[in-house]
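# Fold and contact review
Residue strings, one per chain:
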Amino acid sequence: EREAPPGSHLQMIRTWKELGVLVCVPFYDCDDWYWLYAALDSFRRGREHVQVISNDHMRDHHWRMDGSRAFLQWQDRHMTRVSIQTDDSQPGGPCRPQF
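Attention in this report is confined to the structure presented alongside it. (Residues numbered from 1 in each chain as written. Predicted model: local features only at pLDDT ≥ 70, side-chain atom pairs only at ≥ 80, totals over all residues. Heavy atoms only, no water.)

### A look at the pattern of salt bridges
- Tallied over the full model, the rule gives two salt bridges.
- D41 is paired through a salt bridge with R45; the nearest N and O atoms lie 2.9 Å apart.
- Salt bridges sharing partners connect three or more residues here, namely D41, R44 and R45. (Salt bridge = Lys/Arg side-chain N within 4 Å of Asp/Glu carboxyl O.)

Set out below in C-alpha cells:
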C-alpha cells in the first residue's frame with residue numbers, strides 16, 4: 001500500500017475505511033442506489049438526522065420518481081455537498097474538506 005501522509009486525501013479515505021463508513025461500489029454498479037439505501041436504512045433504524053455527503057444531484061433519476069418534489073425536499077434536508085481543498089504550497093499538503 002502507498003504511504004498516506006497525515007492530512008492527505010489518502011489518509012482521510014483510509015480513516016473512513018477503518019471506521020467502516022466507506023462503501024466501495026463495484027465500477028459497473030450505480031452508486032446512487034447504495035447511498036440512498038444506506039440513508040433510508042439508517043433512518044428506518046432510528047437515526048433521525050441522517051446526512052449524505054455527496055456532490056451527486058441525482059438528476060438522471062428524477063424523471064423516474066413520481067413524487068419528484070418530495071425527493072427534492074428530502075435532498076435539500078439530508079444532503080451535504082463537499083469540496084476538498086489542498087494546501088498547494090506543500091506537496092501532498094494537508095487537505096481541508098469544505099462542507
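### Some details on the packing of aromatic side chains
- Applying the stated rule across the entire model yields one aromatic pair.
- Ring geometry for F27 against Y28: centres 5.6 Å apart, planes inclined by 80°, an arrangement best described as edge-to-face.
- For F27, a relative accessible area of 80% translates into the label exposed. (Phe/Tyr/Trp six-rings, centres within 6.5 Å; stacked < 30°, edge-to-face > 60°. Buried < 20%, exposed > 50% of the residue type's maximum accessible area, 1.4 Å probe, protein only.)

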